[in-house]
Amino acid sequence: MKMAERLGARATSRIELLVNGERHQVEVEPRETLLEVLRERLLLTGTKDGCGTGDCGACTVLLDGKAVTSCLILAVSVAGREIVTIEGISGDGGLHPLQQAFIDHGAVQCGFCTPGMILSAKALLDEKPRPSELEVRQGIAGNLCRCTGYTKIIEAIQAAAKAQRAR
Amino acid sequence: MRRQNLRVVGKPLPRVDAGDKVTGKSVFVADVSLPGMLHAKLVRCPDSHARIVRIDLSRAEKLPGVKATITGKDLPTRRDCSTMAVEVVRYAGQPVAAVAADDPRIAEEAARLVRVEYEVLPAVVDPMEALKPGAPVVWPDGKRQKDHRGELLPPNVTGYSHFVHGDVERGFKESDFIFEDTFVTQTVHQGYLETHGYIAEADRATGKITLWTSTQSQFNLRGALLGMFRLAASRLRVVGLSIGGGFGGKSEVTMEPVCIVLAQKTGRPVKLILTREEDMTACTARGKQVIELKTGVKKDGRLVARRARIVGDGGAYGYASLMTVLVHGPYRIPNQESEGLNVATHTVAAGAHRAPGAPQALFACESQMDIIAGKLGMDAVEIRRKNLVNEGDFVAGALKMPRNGWRKALEEAADKSGWAQRKRRRNRGMGIACGPWDGATNISSAYVILDSDGTASVISGAVDVSGTDTSFAQITAETLGIRMEDVTVSLGDTDSTPYVDGSWGSRVTYAMGTVVKRAAEQVRKQVLGLAAKQLGEKAEDLEIVEGTIKSRKRPGKKMQLRELAQQALWEGGPLTGQASLSSLPSQPALAVQVAEVEVDRETGAVAVLKLTNAQDVGYAINPMSVEGQMEGAALTGMGYGLMEEYVYEEGPAAGWRLLNPSFLDYRLPTSLDMPEIESVIVEEPTDTGPFGVKGVGEPPVIPTAAAIANAIEDAVGVRIKELPITRERVLRAMQDAERDG
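Residues numbered from 1 in each chain as written. Chains lettered and ligands numbered in written order. Predicted model: local features only at pLDDT ≥ 70, side-chain atom pairs only at ≥ 80, totals over all residues.

**Brief notes about the overall build of chain B**
Stage number 1. Tallying secondary structure elements over chain B gives 17 helices and 32 strands in all.
Stage number 2. In terms of overall dimensions, chain B has C-alpha extents of about 85 × 75 × 50 Å along its principal axes.
Stage number 3. A separation of at least 24 residues holds for 80% of the contacts in chain B among residues at least 6 apart in sequence. (Helix = DSSP H or I, 4+ residues; strand = E, 2+ residues; numbered from the N terminus. Contact = placed C-beta atoms within 7 Å.)

Dropping the structure here:
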């Protein structure tokens with residue numbers, strides 16, 4: 001079979017994705033990444049694509065509570081597992097403490113790295129409610145930011161940790 | 001100096017767009033989808049220099065879902081340009097064809113099915129190599145350049161500039177010492193996290209084109225495309241969106257024409273989002289420069305004369321930022337001469353990157369200042385103190401230095417870093433460097449509208465790349481006496497707003513802030529005029545505080561701005577202000593940085609422990625934003641100093657390829673690389689900026705590399721004159737020093 005014909009009949013599979021607490025039935029090609037499915041099929045465009053090769057962290061989401069780069073994960077491989085994106089972390093009571101702290105501490109500039117950065121920070125705080133500064137730095141070491149120089153991001157994460165503990 | 005009577009301006013308030021950004025609601029170009037939209041993909045040549053023998057699109061066109069294919073011949077230019085080659089490829093990664101298909105995966109597959117036959121040609125990827133006789137010539141039919149003496153320059157020199165002030169030869173004769181050094185910088189990417197992206201739509205009935213894109217300048221982009229497509233301004237609408245970083249890299253035409261032509265061909269909207277590799281290979285970069293400095297000084301450290309020669313890599317289609325004036329630094333040098341050579345190579349186009357040309361020029365200038373101080377046995381702060389320009393001195397191209405906070409910035413940097421008290425510790429060192437920047441002003445315009453409920457909106461065509469919308473909101477709120485949250489700032493497109501120049505040159509809060517303030521003042525004047533009639537008071541006795549208009553003389557006399565705005569609708573109509581300007585006086589800024597480093601003698605690794613960054617900002621409308629600019633710039637400067645570099649390798653045939661077009665192999669500083677950064681805001685308000693501001697975003701990226709190089713010398717006694725200062729370079733320099741002992 002010629003390549004063109006082979007591509008003409010594009011195999012898809014139907015999978016169930018659990019995103020931000022909602023179940024979605026989606027038809028995906030085996031080669032589609034979780035990032036592509038989130039952005040293009042579920043229209044959850046808060047998750048960003050900065051490199052497509054797992055180097056920048058802009059596409060970070062939570063998979064069963066762990067921060068992962070969604071550009072490196074095939075959607076079919078995470079059927080049924082729990083996925084949280086930036087759209088899913090504000091509760092009914094308003095913003096997540098990390099979101100509020102990022103606003104208050106000037107940790108947001110262009111904002112392109114922000115969703116991924118916040119999710120990496122969330123994974124960190126969920127695991128370590130009292131992180132040291134070094135642990136905060138390590139927690140976001142996979143998330144590049146060119147605008148802020150990280151200083152205010154680290155301050156914001158530490159402030160959010162404090163705010164969460166005070167709750 | 002803070003002004004106590006201001007309510008909104010001068011406060012560290014959160015950015016107006018922060019809420020949308022932390023929730024993922026901000027709309028970047030990749031987030032936009034239009035009905036019937038197609039997806040484009042580029043076909044690119046891997047080699048630096050090649051003749052296109054044949055392009056076979058047939059297999060791609062047969063793939064189901066492919067709607068159009070184009071080659072360079074379909075672009076209106078019909079000749080080789082940075083966007084697409086027609087006959088000859090001149091940089092690795094240059095597009096030669098493109099496809100549009102129903103979805104991005106089909107487009108990618110189709111691009112792979114395009115067969116291109118190349119004849120690979122000898123290439124030159126280094127500007128110094130390109131100057132040598134017999135080097136491959138990038139533009140064989142180009143016009144030959146002559147220098148200021150009228151002598152013919154090598155064929156790869158595609159631009160030349162010369163600057164002279166005083167008499168350099170006489171200056172050298174009067175000097176006690178002459179220093180001659182050569183400094184080499186590297187090619188780097190701007191490093192914005194959002195790659196370039198575009199969506200074009202062409203209306204077949206009217207011919208009108210709409211382009212949604214991530215740009216720092218809707219209008220400059222439109223201007224360039226109008227020329228290319230021979231369109232009237234009304235036939236091309238450019239819509240800017242949230243921008244995921246630009247740093248100068250989103251100032252010029254990149255792949256927009258590809259999208260537009262595909263949209264014209266298909267009648268459907270076409271989206272093209274570049275991959276990181278495409279972005280790093282085929283847009284613009286800060287090009288390599290080689291800077292020779294010959295400087296004459298008196299025994300007491302006074303600079304007498306300097307001759308500079310800057311060889312800048314312009315890439316195949318770009319232009320090097322040759323800072324022939326700024327290379328003389330923030331200093332009084334009575335005799336200055338410099339020449340700049342723009343050299344074409346088979347590499348990515350050189351373009352703007354945060355303070356274009358200045359980090360290169362000041363790496364040279366400020367490294368040599370320490371070499372001079374070392375030889376004279378002078379303190380590095382003292383020699384700068386001695387030569388720093390004063391108000392009224394000649395600086396930066398015949399500009400008379402206005403009142404400034406430069407000296408204070410120098411003293412603060414020294415003071416806050418503990419310069420004078422520093423103790424000698426093994427393998428530790430401190431270095432200081434200055435970063436002057438004259439700052440752009442440029443064409444600006446804005447509207448301020450008072451809404452019927454007493455809230456206000458600001459509308460302009462200036463894309464917010466650095467928090468400027470927040471400054472506009474603060475300026476407007478302050479001027480109208482309302483809360484910042486009652487001001488909305490909107491980016492209009494090229495159809496809905498008057499022309500403004502791009503968001504670059506650290507100009508926006510200074511120049512755009514000026515028109516916003518003037519427009520808000522017009523509204524305020526109308527408000528007070530109407531209120532004066534209503535209250536039976538003189539307008540000059542009225543003030544607006546938190547939305548209430550009241551008399552300063554008779555406290556009982558007051559009314560709500562809300563009421564007045566409502567009444568105004570029936571008494572002359574809505575209250576609006578509009579202001580425009582073409583330029584303002586330049587207000588040069590200065591960032592002074594002290595780097596503290598520790599060098600590992602075993603590996604040559606340099607750890608930057610602290611950067612103290614003092615900057616004359618005129619006046620900080622939003623100190624939190626200003627600090628954010630300073631911190632981010634300093635870390636970018638550190639990446640430039642120690643880590644980042646485009647690495648080229650000779651390819652399988654005669655060509656050269658870029659080895660590291662990814663964030664894995666081209667490393668930006670991470671949170672683990674970040675030093676402690678102390679930002680010291682120095683305020684000496686200008687006479688011309690709103691509330692006394694001057695440009696902020698670019699100066700703090702300028703001095704970092706030199707400050708680090710100077711600190712390394714202080715730590716381990718080796719002088720590195722080539723960027724980036726890798727472990728290998730440090731180790732080799734230490735070994736050489738030991739051997740020469």
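**Here's the deal with the domain arrangement of chain A**
Residue and element names in this part refer to chain A.
Stage number 1. For chain A, the domain assignment lists domain 1 (12-88) and domain 2 (97-166).
Stage number 2. For domain 1 versus domain 2, the distance between C-alpha centres works out to 21 Å.
Stage number 3. If you look at the interface, domain 1 gives 15 residues, while domain 2 gives 13 residues.
Stage number 4. Those elements that place two or more of their residues in the side of domain 1 that touches domain 2 are strand E3 (60-63) and strand E4 (66-69).
Stage number 5. Top element by residues in the side of domain 1 that touches domain 2 is E3. It accounts for 3 residues. (Domains from an automatic or database assignment.)

**Regarding the interface of chain A and chain B**
Stage number 1. Every contact between the two is made by 46 residues of chain A and, on the other side, 47 residues of chain B.
Stage number 2. Within the residue set of the side of chain A that touches chain B, elements represented by two or more residues are helix H1 (3-8), helix H3 (97-104), helix H4 (114-127), helix H5 (133-139) and helix H6 (151-166) of chain A.
Stage number 3. A total of 4 residues in the side of chain A that touches chain B trace back to one element, the largest contributor, which is H3(A).
Stage number 4. Per-class residue counts for the side of chain A that touches chain B are 21 nonpolar, 16 polar and 9 charged. (Nonpolar A, V, L, I, M, F, W, Y, C, P; charged D, E, K, R; others polar.)

**Describing helix H13 (residues 508-535) of chain B**
Stage number 1. Along its 28 residues, H13(B) runs 38 Å from first to last C-alpha, staying within 8% of the 40 Å computed at 1.5 Å per residue.
Stage number 2. B:Gly536 lies just past H13(B) and shows a positive phi near 65°. (Expected span 1.5 Å × (residues − 1).)

**Structural notes on the pairing of strand E1 (residues 13-19) of chain A**
All names here are of chain A.
Stage number 1. When E1 meets strand E2 (residues 22-28), the two strands line up antiparallel, connected through 7 bridges. Pairing of Ile 15 across the sheet is with Val 26, part of E2.
Stage number 2. Where E1 folds back on E2, the antiparallel hairpin that results is connected by 2 residues, among which Asn 20 adopts a positive phi of roughly 50°.
Stage number 3. Note that E1 and strand E5 (residues 82-84) share 2 bridges and pair parallel. Residue pairing across strands places Val 19 opposite Ile 83, the latter belonging to E5. (Pairing = 2+ DSSP bridges.)

**Here we look at the domain arrangement of chain B**
All names here are of chain B.
Stage number 1. Taken as a whole, chain B is organised into domain 1 (32-121 + 191-283) and domain 2 (442-581).
Stage number 2. The C-alpha centroid of domain 2 is placed 40 Å from the C-alpha centroid of domain 1.
Stage number 3. On the domain 2 side, the residues contacting the 15 residues of domain 1 number 13 residues.
Stage number 4. Broken down by class, the residue content of the side of domain 1 that touches domain 2 amounts to 4 nonpolar, 9 polar and 2 charged.

**Description of the nonpolar core**
All names here are of chain B.
Stage number 1. Counting residues in hydrophobic clusters, the biggest one holds 287 residues, and the most contacted among them are Ala 40, Cys 259, Leu 262, Val 527, Ile 708 and Ile 712.
Stage number 2. The element best represented in this core is H13, accounting for 14 residues.
Stage number 3. When neighbours within four sequence positions are excluded, Leu 262 is seen to be in contact with Ala 40, Ala 68, Ile 70, Ala 98, Ala 100 and Val 270. (Core = buried A, V, L, I, M, F, W, Y, C linked by C-beta atoms within 7 Å. Buried ≥ 20, exposed ≤ 12 C-beta atoms within 10 Å, placed from the backbone.)

**Some details on the packing of H4(A) against H6(A)**
Residues and elements named next belong to chain A.
Stage number 1. With their axes 11 Å apart at the nearest point, H4 and H6 run at an angle of 45° to one another. Classed by the angle they form, the pair H4 and H6 counts as oblique. Seen along the crossing, H4 lies across H6 with a hand that is right-handed. Residues Met 117, Ala 121 and Leu 125 of H4 form the contact with H6, whose own contacting residues are Ile 153, Ile 157, Ala 160, Ala 161 and Gln 164. (Axes fitted to C-alpha atoms, helices over the stretch in contact; angles between N-to-C directions. Parallel < 35°, antiparallel > 145°, perpendicular 65-115°, else oblique. Left-handed = near helix turned anticlockwise from the far one by under 90°.)

**Observations concerning helix H17 (residues 727-740) of chain B**
Stage number 1. For H17(B), with 14 residues, the first-to-last C-alpha span of 20 Å sits near the 20 Å given by 1.5 Å per residue.
Stage number 2. Looking one or two places after H17(B), you find B:Gly741, whose phi comes out positive at around 25°.

**Focus on the sheet that holds strand E27 (residues 575-581) of chain B**
Hydrogen bonding along the main chain pairs the strands of a sheet, whether they run parallel or antiparallel.
Residue and element names in this part refer to chain B.
Stage number 1. In space, the 4 strands of this open sheet follow the order E23-E22-E21-E27, with mixed pairing throughout. Edge positions in the sheet fall to strand E23 (487-491) and E27, since each has one partner strand and no second. In this sheet, neighbouring strand axes are inclined to one another by 15° on average, regardless of whether the strands run parallel or antiparallel.
Stage number 2. Note that strand E21 (residues 444-450) and strand E22 (residues 456-460) share 4 bridges and pair antiparallel. Pairing of Tyr 447 across the sheet is with Ile 459, part of E22.
Stage number 3. Relative to E23, helix H12 (residues 468-480) is tilted by about 140°, and along the sheet it contacts E21, E22 and E23.

**A closer look at the sheet that holds strand E32 (residues 676-682) of chain B**
All names here are of chain B.
Stage number 1. Read across the sheet, 4 strands follow the order E20-E28-E29-E32 without closing on themselves; strand pairing throughout is mixed. The outermost strands of the open sheet, each flanked by one partner alone, are strand E20 (428-437) and E32. Each neighbouring strand pair of the sheet contributes to a mean axis angle of 15°, computed without reference to strand direction.

**Description of the environment of B:Ala579**
All names here are of chain B.
Stage number 1. Looking at the element boundaries, Ala 579 is found in strand E27.
Stage number 2. Overall, the presence of 18 C-beta atoms within 10 Å leaves Ala 579 in the partly exposed class.
Stage number 3. In this structure, the C-alpha to C-alpha distance between Ala 579 and Ser 445, residues 134 residues apart in sequence, is 5.6 Å.
Stage number 4. Once residues within four sequence positions are removed from consideration, Ala 579 is found in contact with Ser 445, Ala 446, Val 515, Arg 518 and Ala 519.

**Topic: the packing of helix H15 (residues 623-642) of chain B against helix H16 (residues 704-716) of chain B**
Residues and elements named next belong to chain B.
Stage number 1. Contact pair H15 / H16: the axes reach a minimum separation of 7 Å and the direction vectors enclose 55°. Viewed along their axes, H15 and H16 adopt a mutual orientation that is oblique. Between H15 and H16 the crossing geometry is right-handed. For the pair formed by H15 and H16, the contact residues are Ala 634, Gly 637, Met 638, Tyr 640, Gly 641 and Leu 642 on the first element and Thr 704, Ala 705, Ile 708 and Ala 709 on the second.
Stage number 2. For the contact of H15 with H16, the residue count by class is 7 nonpolar, 3 polar and no charged.

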